[in-house]
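Architecture at a glance
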Amino acid sequence: MRFDLNVLQHLGLRMYTSLPAVVSEYVANAWDAWATEVEIEMPQDETMSPDYTITIEDNGRGMTKGEVNNEFLVVGRNRRQDEDKDYVEKDGHRRKVMGRKGIGKLAGFGIADNVRIWTCKDGEYVEFELDYGEMRQEAKEGEDATTTYRPKIINEGKTNGKSGTRIVLSNLDRDQRPRAKYVRKRLARRFSVIGDDFRMVVNGTEVTGDERDLKERCEFLRTYEDEPISKGSECTVRGWIGTLPKPTPDNVQGGVAVMARGKTAQQPITFGVAEGGTRGQMALQYLVGEIHADFLDGEDKDLIATHRNEVLWDKPVANELQNFLIAEIKEICSQWPEKRREEQMEEIRGEEPYQRYIKPLDDREQELADSFLGELAEKGDYDDDTLGEMASYVSSGVQQKSFQKLLTEIENSNISNTDRLVELFDQYEVLDAMNSLRIVRGRFYAIQKFEELIEESESNLEDLHGFISDNPWLIDPRWDYLDEELEIHEEIQKNFENTDQSDRVGFISLGDADSIRLVDIRQTDSIIDKQDLDQFKEYVDFLRSISNMSPVNGRDVEGYIVASGSVDARNVQNEIRRMKMDDMRIRSYDDIKDIARRSHKAFLDVFERKADRTESQMLQTYLRESEQIGLDEFSSGTF
């Protein structure tokens, strides 16, 4: 059996496709070399340059030239097996080794063509270069080249400097500069060993445990300490799973991360769990966790995929862990709605509007008011003004016998009496109407701002990009809960070169559990032609071709181009119709404005119907206020 050097394409370029994953491999090597500090330097300018480099430097033990040849450059060397131990020692202390496969050294080729390494140990240093282009060339020449590559030695000799290793990645395969904040956040979640004995610094800013450890920020928390993953199992886990007070922000990956030996073995995951009805499913938007399962990477077993970011869940012991985590997530989701209701009500009771309007009521009236406000608490986060309005309304309502009777009947109604329940909840719609009003007003101001951006003669494409990312419902009212997915964006950039359109921000990728929407945002005066359509189809087709791979992971892929309009030519219009049948659509900025106005009008109509149906004086008052600020005229397009 002979090995072709082209295997590096699979071990480097295909396995490590994101900057945090690449840097993580070299950080893990630093840990194994007993480093106490790793410094990462990345470009900070707005635009990329061919001269940019990424540097990872540690103060570990370093390597001699002999160790480089006999250990570091041996692809696939399992140090745990070769040294007959899975730990390193220093001054009587031990560290469990993170490395295992012996291929992490090739990670740099996932984002760069050139990897330069300087390493020093006991006063002896050597600097050498790994060149991916040269490896590819040598792989085509001669039989010996299929198994052997000799890196170019840049320099070697003696020094009085400290031991350590420096990795410099150059000829970067990137169109946009990496974001230090993004890399720092991802590194924080990939390593649980960050602390006093192991520091990471990115562009002068230290990666802290606070960025990784979401535990202290959780509203509800469940902890584990040597917890068996099944009855009678010797495999145990430690860690925690919890829910944040608000949905996970863009810079935090929701779900439960699985760690082994202090490093990520499985990116945060929820296993598609849905428990506790609609409200229980909402808990997944708040769910975070960190479970340590060192048995996944033990001396006698390796249950982590080659790229070291995913557990092999179909293996027996890993499958037990999966069942354990699914059961825990289901239970947390089922309990979350009631816990959240109780927690939110505690906060509401401490607010000034509650103290002013609800606290003075007698016990029965206060109980009825709490029941009503509890529903408000479950529906989401409300500002003081909304809470004050509702507290005032409920306070006056519960003092009226008709309102008390309504709430009592809702509590005591027989579920089989469907007609009566419908009648009761028609009156109960006042609460939902308040929520509708909040959405109406928020979208009214968002649409106004969006139209201002469009009307600007020199509109900033980056501003449009950010605004649509924050308000995806502008393109489609159903896109309320989509999040931007940077990994999708990076995956496309790595596979396509857009040098002819480098002056624009480009596309955004929005996703949820079932689908990905690729949105190509053009300038407000841009007219789409056949070339633009063909280019965009390549993006969408590429994502569909890797449907079963990360980061697509089996989700449907849809495409949207946002521009001023399209060329009025038969071949272009025919192609647009064909693309529409294949879930790829063109949206003009005028289309988006119309869609946004219609969506806004639909919300306002719902609010008006609820005001009429409930005959609520309060809602009628809000309708009059809406007319004063132009909500109705805005929706009709006369604003």
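The preceding data block contains the structure.
Residues numbered from 1 in each chain as written. Predicted model: local features only at pLDDT ≥ 70, side-chain atom pairs only at ≥ 80, totals over all residues. Heavy atoms only, no water.

**Comments concerning the overall build of the chain**
A count of helices and strands for the chain gives 22 helices and 22 strands. Looking at the chain as a whole, 52% of its 639 residues are labelled buried. In the chain, 72% of the contacts between residues at least 6 apart in sequence involve partners at least 24 apart. (Helix = DSSP H or I, 4+ residues; strand = E, 2+ residues; numbered from the N terminus. Buried < 20%, exposed > 50% of the residue type's maximum accessible area, 1.4 Å probe, protein only. Contact = heavy atoms within 4.5 Å.)

**Quick notes on the side chain of Glu 127**
Along the chain, the position of Glu 127 falls in strand β6 (residues 124-131). Once you skip the residues sitting within four places of it in the chain, Glu 127 turns out to touch Arg 116, Ile 117, Trp 118, Lys 152, Ile 153, Ile 154 and Asn 155.

**Looking at the side chain of Glu 219**
Turning to its location among the elements, Glu 219 is positioned in the loop between α7 (209-212) and β11 (220-228). Beyond its immediate stretch of four places on either side in the chain, Glu 219 contacts Thr 243, Leu 244, Pro 245, Arg 340 and Glu 343.

**Observations concerning the pairing of β6**
A regular strand carries its side chains on alternate faces of the sheet. Burial analysis of β6 places 7 of its 8 residues in the buried class, the great majority of the element. Bridge count between strand β5 (residues 112-121) and β6: 8 bridges; the pairing is antiparallel. The residue of β6 that forms the bridge with Val 115 is Leu 130. Across 6 bridges, the pairing between β6 and strand β7 (residues 152-158) is antiparallel. (Pairing = 2+ DSSP bridges.)

**Observations concerning helix α18 (residues 530-545)**
If you check α18, its first and last C-alpha atoms are 22 Å apart, about what 16 residues at 1.5 Å a residue would give, namely 22 Å. Within the span of α18, buried status applies to Asp 532, Leu 533, Gln 535, Phe 536, Lys 537, Tyr 539, Val 540, Phe 542 and Leu 543. Capping of α18 at its N-terminal end is provided by Asp 529; its side-chain oxygen lies 3.2 Å from the backbone amide nitrogen of Gln 531. (Expected span 1.5 Å × (residues − 1). Polar contact = N/O pair within 3.5 Å; in protein donor to acceptor, adjacent residues only side chain to side chain.)

**Quick look at the sheet that holds strand β8 (residues 164-172)**
As summarised here, the arrangement of the 8 strands in space is β7-β6-β5-β8-β2-β1-β9-β10, forming an open sheet in which the pairing is mixed. Where the open sheet ends on each side, the last strands, each with one partner, are β7 and β10 (205-207). Adjacent strand axes in the sheet meet at a mean angle of 15° when their direction is disregarded. In this fold helix α3 (residues 65-72) packs onto β5, β6 and β7, with an angle of close to 40° to the strand it touches most, β6. (Axes fitted to C-alpha atoms, helices over the stretch in contact; angles between N-to-C directions.)

**Section: the nonpolar core**
Ranked by size, the top nonpolar core spans 48 residues in total, and within it Ile 40, Ile 56, Leu 169, Phe 191 and Met 200 carry the most contacts. By residue number, the principal contributor to this core is helix α2 (residues 19-32), which donates 8 residues. With sequence-adjacent residues up to four places away left out, Met 200 is seen in contact with Val 27, Val 38, Leu 187, Phe 191, Ile 194, Thr 205, Glu 206 and Val 207. Judged by nonpolar contacts, the second largest core, of 33 residues, contains Val 237, Phe 295, Leu 296 and Trp 336. (Core = buried A, V, L, I, M, F, W, Y, C linked by side-chain atoms within 4.5 Å.)

**Points about the packing of α2 against helix α6 (residues 180-190)**
At a minimum axis distance of 9 Å, the contact between α2 and α6 shows a crossing angle of 55°. Taken together, the axes of α2 and α6 lie oblique to each other. Considering the relative orientation of α2 and α6, their crossing is right-handed. Of the residues in α6, those in contact with Leu 19, Pro 20, Ala 21, Val 23 and Ser 24 of α2 are Tyr 182, Val 183, Arg 186, Leu 187 and Arg 190. Each residue belonging to the contact of α2 with α6 can be placed in one class, and the counts come to 7 nonpolar, 1 polar and 2 charged. (Parallel < 35°, antiparallel > 145°, perpendicular 65-115°, else oblique. Left-handed = near helix turned anticlockwise from the far one by under 90°. Nonpolar A, V, L, I, M, F, W, Y, C, P; charged D, E, K, R; others polar.)

**Structural notes on unusual backbone geometry**
The omega torsion across Ser 550 and Pro 551 is 10°, close enough to zero to call that bond cis. In this fold, Pro 551 is placed in the loop between α18 and β20 (556-563). Not every positive phi belongs to a glycine, and Asn 203 is a case in point at roughly 50°. Using a relative accessible area of 16% as the deciding quantity, one classes Asn 203 as buried.

**A closer look at a negative patch on the surface**
Residues Glu 338, Glu 342, Glu 343 and Glu 347 make up a contiguous surface patch of negative charge. Within the secondary structure layout, Glu 338 lies in helix α9 (residues 316-350). According to the relative accessible area criterion, Glu 338 is partly exposed, its value standing at 45%. (Patch = residues over 30% accessible without salt bridge, like charges linked within 9 Å, V, L, I, M, F, W, Y side chains within 5 Å. Areas by Shrake-Rupley, 256 points an atom, 1.4 Å probe, with all protein chains shown as cover. Salt bridge = Lys/Arg side-chain N within 4 Å of Asp/Glu carboxyl O. Lys, Arg positive; Asp, Glu negative; His and termini not counted. Charge placed at Lys NZ, Arg CZ, Asp CG, Glu CD.)

**Focus: the pattern of salt bridges**
Counting across every chain of the model gives 22 salt bridges. As a salt-bridge pair, Arg 222 and Glu 331 come within 3.4 Å of each other at their nearest N and O atoms. Of this pair, Arg 222 sits in strand β11 while Glu 331 sits in helix α9; the two residues are 109 residues apart in sequence, bridging distant segments of the chain. The closest approach of N and O atoms between Glu 575 and Lys 537, which form a salt bridge, is 2.4 Å. Taken together, the positions of Glu 575 in helix α19 (residues 570-581) and Lys 537 in helix α18 put the pair 38 residues apart, joining distant regions of the chain. Within the structure, one salt-bridge network assembled from shared partners comprises Lys 530, Asp 534, Lys 537, Glu 575 and Arg 578.

**Let's talk about the pairing of strand β13 (residues 255-260)**
Among the 6 residues that make up β13, 6 are buried, leaving the element largely enclosed by the rest of the structure. Of the pairings in the sheet, the one linking β13 to strand β15 (residues 287-292) comprises 5 bridges and is parallel in character. Residue pairing in the sheet places Val 256 in a bridge with Gly 289 of β15. Bridge analysis of β13 against strand β14 (residues 263-269) gives 4 bridges, and the strand direction is antiparallel. Considered in β14, the bridge of Met 259 is made with Thr 264. Between β13 and the antiparallel strand that follows it, β14, lie 2 residues; Arg 261 among them carries a positive phi value of about 60°.

**Overview of the packing of aromatic side chains**
Summed over all chains, the structure comprises 9 aromatic pairs. Relative to Phe 128, the ring of Phe 72 has its centre 6.4 Å away and its plane inclined at 70°; by these criteria the two rings are edge-to-face. Of this pair, Phe 72 sits in helix α3 while Phe 128 sits in strand β6, placing them 56 residues apart in sequence. Across this residue pair, the class does not change: Phe 72 and Phe 128 are buried. Measuring from centroid to centroid gives 5.8 Å for Tyr 224 and Phe 324, while their planes differ by 70°, and the two rings are edge-to-face. One end of the pair, Tyr 224, is in strand β11; the other, Phe 324, is in helix α9, with 100 residues separating them in the sequence. (Phe/Tyr/Trp six-rings, centres within 6.5 Å; stacked < 30°, edge-to-face > 60°.)

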